[in-house]
Structures are given as structure tokens and as C-alpha cells.
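The lines below spell out each chain.
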Amino acid sequence: MATVTAQPEAGEGGRGARARSRAHLSERARDEQRLGWYLVAPAVIGMLAVTAYPLGRAVYLSLYNYRLTDPAAKEFVGLRNYGVVLTDSLWWQTVFTTVFITVVTVLVELVIGFAFAMVMYRIVFGRRTVRTAILIPYGIITVVAAYAWQYAFALDSGFVNEWFNLGDKAWFSNRWSALTVIILAEVWKTTPFISLLLLAGLVQVPEELQEAAKVDGATAWQRLWRVTVPNMKAAIMVALLFRTLDAYRIFDTIFIMTGGAEKTESVSFLTYRQTIVRTELGLGSAVSVLLFLSVVLIAVGFIKAFRVDLSRVRGD
Amino acid sequence: MSRTRSKIGWALAGVVIVAYTLLPVAWIVSLSFKQGDDINNKKFLPTHWSLDNYRTVFDTNLFTSALRNSIGISLIATTVSVVLATFAAYAIARLQFRGKRLVLTTALAIAMFPTVALVGPLFDMWRSLGIYDTWLGLIIPYLSFTLPLSIWVLSAFFREIPWEMEQAAQVDGATPWQAFRKVIVPLAAPGVFTAAIITFFFAWNDFVFGISLTATNRARPVPAALAFFTGESFFQQPTAAISAAAVIVTIPVIVIVLIFQRQIVAGLTSGAVKG
């Protein structure tokens, strides 16, 4: 789950102090600085305790041949684990599967999410009901959503084959149909989030611009592409960035629906299987580090390529 | 005339959205009331409604202990996370200190972190620290991964609070405590609430840590327990039992959404809305 919020304004507090004398200012400023550190320290420690240190530990373990069930055989192997992973076709297959799921999911939900945002923006009757209903998929447990969709498509309990006259189509015994159901479940669950972010961008588009374009004779389609979309570019980019990173981490839905069978394994699932199921902490840590690096790569690539300025989300 | 028509058009589109959101939920509810042959009747609705699955689920230690774990762990993680985030957000919104940007950047980076990349080392660390398969072993990672969201939501809210009102109230004769309680707390409460809801949803939803850092009923939360239902043989029909359990854990989500709809929307989009 990712959430985009405003970046709080830096540097409001010092303003009052600045008006006073220099000697006072430095003493006051120092007190303020110290109080600031005391107040953020517990949160910063809380955030780093379970991220920075374990990440460092993952990097360290990735250099060893280390299986939890056989700790005595722990041995330094340098970068060999990375070599093993990167030359294995299974790794590249999971990367491909993950990228495929990510791209399709994000593009589909961007379109649906935009339509939903438009409806939520324009709707008069039932506005509250729609805004409440849309939060249900967002709040529901991913595992629960995955079961609901799996049972709907399942051969024995499902109604989908019956409704659409598909006979005995076994959705989960083929890679592409299984991925289709996985993507459907993901799209259902996460479209609300993207549509709320887009709605927030939509309300920022000045209504006068729309009116002006209308007066100049622009069609609704032209107004959408020439006025609305360019004016909410920042919101669209941030929504895309957050959802892409989130979709790339897909794990729960695959675990429930296929357990990684039929070549539906994602990078996160591979990581889990190596570290927790097979207790290959050395090799698994190498996969963990590669997963982490690919997420960093996506984030940096996004910010560089699309010039997503995260501080602009707050609109100043 | 065309105004009314377009209003009706948008309302119809709204109906489509509501159907989209509710169909899978209605399906799992319907499935949870099915029994015996009905489960595989390939129909949306049961022919005979039965509460048997709910009885089975509540008679199962696997589920009841998971429910207890989920509620306890999520509430504790939420409380601690929101308290720590409130301190931090207050400092970020009101005080001038070096490293403020760094704190916010760290928070953002952690929000984007692939959680699975950490379960291997955590699994190892928790075992040597003796907190593997305990409540604490889950509360700590939940805390770390919800703090960024809480801090961002809360500092966005705190930035909007007219703090001068506190002094104004004191000038008008209120004691500092009264000024804080009667002026600041009501202004800050919605933000704190929002952060709490989003944090709770994260903890309630978590699956990755839930299956990786627990081994028994001692700490295993509901999402992880659901995944183990299928493996247990004492269920004649895990499908319907899982559905009933799924419905039970969805009820709190729906209640929270119904009551706090405005706060959740504001929290998810705060900042983007303002502008």
C-alpha cells in the first residue's frame, strides 16, 4: 500500500524567532533544533530499525553460501550468488512475469481510475454513496479479495464460466489465463486508490480554463486532452509512480491464487520461496537485494524520465 | 433539460461504480452462506441459506486465535505508530531543525520499500532475538512500515492548523491546558484519526510478514491463517469456511469505511487536494 500526501512545508517555525535579536535567535534556534530532534528521533529509529539494518544484513548474507538448516556450512562466496541468480532463466522469467503484471495492471487501472475520478467529480446524486463504495476494495484484505476472485473463476465453485458460457475453462492451469485473473483481482482492489489520487488532481484544474476552452469552441474530447490532462500531470505522475512500485511488489494475490504455479511467480514470491520456504538465506538474500535494486531503479527512472517532482504534489 | 439528463447520466455511471465495488464482496458473502452441494452449484446465490460455515469457523481454534492476534497486533501497532508519528509530525510542521528534509525523504523511501526483501534477514534476526512467532515480532515491522504514512498524513494536517489560536485562547483567559485541550486537540484530532485508520488498514491487511514471521497460532494473523485453512484436513469444505472467515474480517473494514469515509479520502489525498 502506498499513500501520497503533501510534503509538509519546511521552515515555518523559525519565522517568529528571526524577528528577535541575534543573540536570542541562536539560543532559541538551538533549543528548537534540539526539541525537533528529540521529537523525530523515536519515529526515525522506528523506521530504520526494521529497514536499514536488515537491508545491510541482506547485503552481507548475499555474499555467503548459507542455508539456515545447515549453518555449519556457511561459507564466503563473494558475488557468486548474484552470478547464479542472474544467469538462471527462472529469475528472468519471474522478472518478465512481474513486469508484465505491473504494466498491464497500472495501464488498465489508470484508464478505469480516470473514468471513476471523472464520475466522482461530476456526480450530483449519490456522490457520498459512490465515494464510500469505492473505499471498500481499497480497505478489503488483499488475501480476501484474492479468494473471492479465485472462487469466482474456479472450476468447481465458480459462476464465471456458467455466466459467460465458457464450459469447463480451467483458468488456473494456463499461464496467461491465470495471469488474467490475477490482474483482474489486482485491478479491482487497487483502482480505487488511483482514482482518488486522480480525483484530487482533477479538482485542482481551474474551472475557468474549461469554460474558456468551451467558449473557444473546443469539444469535450479536446478539453479533456488539452486542458484537463495537462493540468493534472503532477497528480497523474505521482499516482503512476506509487502504483507501479506497489504493483511490482505483487505477492499476496499470486500466493493465494496459484502459489506461483504455471509460471506465474513474481520476483517477491521468488524471494519469499528462497528465503522462507527453502531457508536458503544466502541465495535468497541475493534475490532480495536484486528486488530492492530493481525497485530503486524504477523509482529513480520514473523521477528522472518524467521529472516527477514529489514536492509539487502539494501544489506550491 | 440537458442539465438534468447529464445529472442522471452521471448517477448511472455512479451505479456502475457501486456495482463494480460490491460484486466481489456480494459473491464472497453469498458463498459463505452456501452449504453442501450448493458450494459447487456454479450459481451466484445459494439455493439454501445456511449459517453452518460461520459456526464451523468460530469453532476453529485456528481462526479464533488468528482473529485475536490480528485485532491485538493491529491495535497496538496502530496506537504506537500514531503516537510516534504525532511527535515527529508536530516537529516537522512547527519547528525549525536541521535534517527535516532527510526525515521526510527517509519516510518516502521506506513507503516504497519492497517488504519481501526484508523477510529473510528478519526471519533470521527474530529467531536469534527470540521474538520469532510473537506479537512483538509483527508489531515492530508494522510500526516501521506505517510510520512513513502516518508522518506524511499528520504533518500535512498539522501544517493547516492555525496554531496562533492557542495563544489567542490564552489571551482570552484560558489556561495553557484548556487552550491545548479545547483548541488544538479538536483541530488535530481528525488528522490523528485519519492516520490511525490508514495504519490500521495496513496492519490488518498484511500478509507478507504474517506468513513469514509466525509459525503457530500464537501470533499468526488472519490473512496468514486464511492461507493455511486449505492445508488443514478437518474442514470438509475449505472454500465455504474460508469465505465465512473472509466475510467476518471484512466487516470491520466496511464499518470503518462507512463511518470515516471523509477522513479516509482526505488522508489518502491530503496535499494533492489542497494545492
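In this text the structure is predicted, and so the values were computed from the model without any measurement.

Topic: the overall build of chain B
So, step 1. Helix and strand counts for chain B come out as 11 helices and zero strands.
So, step 2. Along chain B, from the amino end to the carboxyl end, the secondary structure elements read α-α-α-α-α-α-α-α-α-α-α.
So, step 3. Principal-axis analysis of the C-alpha atoms gives chain B an extent of 75 × 70 × 35 Å.
So, step 4. The buried share of chain B, taken over its 275 residues, is 50%.
So, step 5. In chain B, of all internal contacts separated by at least 6 residues, the share reaching a separation of at least 24 is 74%.

Quick look at the overall build of chain A
So, step 1. Within chain A one finds 16 helices and two strands.
So, step 2. A burial count over chain A gives 45% of its 316 residues as buried.
So, step 3. The contacts of chain A with a sequence gap of at least 6 include a subset with a gap of at least 24, amounting to 70%.

Structural notes on the interface of chain B and chain A
So, step 1. Contact with chain B, which involves 99 residues of that partner, is made by 101 residues of chain A.
So, step 2. Sorting elements by how many residues they give to the side of chain B that touches chain A places helix H11 (residues 238-269) of chain B first, with 15 residues.
So, step 3. A class-by-class count of the residues in the side of chain B that touches chain A yields 72 nonpolar, 17 polar and 10 charged.

Comments concerning the environment of Lys182(B)
Residue and element names in this part refer to chain B.
So, step 1. Within the secondary structure, Lys182 sits in helix H8 (residues 176-205).
So, step 2. Lys182 sits in the partly exposed class, given 14 other C-beta atoms within 10 Å.
So, step 3. Along the primary structure Lys182 and Ala219 are separated by 37 residues, whereas in three dimensions their C-alpha atoms are 40 Å apart.
So, step 4. Lys182 has contacts with Ala169 and Ala174, leaving out every residue within four places of it along the chain.

Notes on the pairing of strand E2 (residues 70-76) of chain A
Residue and element names in this part refer to chain A.
So, step 1. Judged by how many residues are buried, E2 sits mostly at the surface: zero of seven residues are covered.
So, step 2. Two elements, strand E1 (residues 64-67) and E2, share three bridges in a ladder whose sense is antiparallel. Following the sheet pairing, Arg67 is matched in E2 by Asp70.
So, step 3. Where E1 folds back onto E2 in an antiparallel hairpin, the turn is made up of two residues.

Some remarks on the nonpolar core
Note on soluble globular proteins: their nonpolar side chains tend to be buried together.
So, step 1. In this structure, Val144(A), Tyr147(A), Leu198(A), Ala85(B), Ala88(B) and Leu226(B) are the most contacted members of the largest nonpolar core, which totals 170 residues.
So, step 2. Per-element tally for this core: the top contributor is helix H10 (residues 175-202) of chain A, with 16 residues.
So, step 3. Those residues in contact with Val144(A) that sit more than four places away from it in its chain are Ile28(B), Ala246(B), Val249(B) and Thr250(B).

Describing unusual backbone geometry
So, step 1. A positive phi is found at Lys263(A), a non-glycine position, where the angle reads about 55°.
So, step 2. As for its position among the elements, Lys263(A) is in the loop between helix H14 (252-257) and helix H15 (267-277).
So, step 3. With phi around 60°, Lys42(B) is a residue other than glycine that occupies positive phi space.

Notes on the confidence of the model for chain B
So, step 1. With 95% of its residues at a pLDDT of 70 or more, chain B has an overall mean of 88.
So, step 2. Here the complex is predicted with pTM 0.89, and the ipTM for its interfaces comes to 0.91.

Quick notes on the confidence of the model for chain A
Residues and elements named next belong to chain A.
So, step 1. Scored by pLDDT, chain A has a mean of 87; 89% of the residues are at 70 or more.
So, step 2. Taken as a whole, residues 1-20 scores under 50 in pLDDT and shows 53 contacts with residues more than four places along the chain or in a different chain.
So, step 3. Under a pLDDT of 50 for its full length, residues 312-316 has, in the predicted model, 14 contacts with residues more than four places off or in other chains.

Section: the packing of helix H3 (residues 61-94) of chain B against H8(B)
Residues and elements named next belong to chain B.
So, step 1. One way to put it is that H3 packs onto H8 with a least axis distance of 9 Å and a crossing angle of 140°. In this view, H3 runs oblique relative to H8, as classed from their interaxial angle. Handedness of the crossing formed by H3 with H8: right-handed. Packed against H3, whose contacting residues are Ser70, Ile73, Ser74, Ala77, Thr78, Ser81, Val82, Ala85 and Thr86, the element H8 presents Val192, Ala195, Ala196, Thr199, Phe200, Ala203 and Trp204 at the interface.

Things to note about H10(A)
All names here are of chain A.
So, step 1. Taking 1.5 Å of rise per residue, the 28 residues of H10 would be expected to cover 40 Å, and the 38 Å separating its terminal C-alpha atoms lies within 8% of that figure.
So, step 2. The largest bend along H10 reaches roughly 40° and is located at Thr190, with the proline Pro192 sitting one to four residues downstream.
So, step 3. Among the 28 residues that make up H10, 23 are buried, leaving the element largely enclosed by the rest of the structure.

Here is what the cut-offs are and how they apply
- Residues numbered from 1 in each chain as written.
- Chains lettered and ligands numbered in written order.
- Predicted model: local features only at pLDDT ≥ 70, side-chain atom pairs only at ≥ 80, totals over all residues.
- Helix = DSSP H or I, 4+ residues; strand = E, 2+ residues; numbered from the N terminus.
- Buried ≥ 20, exposed ≤ 12 C-beta atoms within 10 Å, placed from the backbone.
- Contact = placed C-beta atoms within 7 Å.
- Nonpolar A, V, L, I, M, F, W, Y, C, P; charged D, E, K, R; others polar.
- Pairing = 2+ DSSP bridges.
- Core = buried A, V, L, I, M, F, W, Y, C linked by C-beta atoms within 7 Å.
- pLDDT = per-residue confidence, 0-100.
- Axes fitted to C-alpha atoms, helices over the stretch in contact; angles between N-to-C directions.
- Parallel < 35°, antiparallel > 145°, perpendicular 65-115°, else oblique.
- Left-handed = near helix turned anticlockwise from the far one by under 90°.
- Expected span 1.5 Å × (residues − 1).
- Bend = angle between axes of the 7 residues up to and from the residue.

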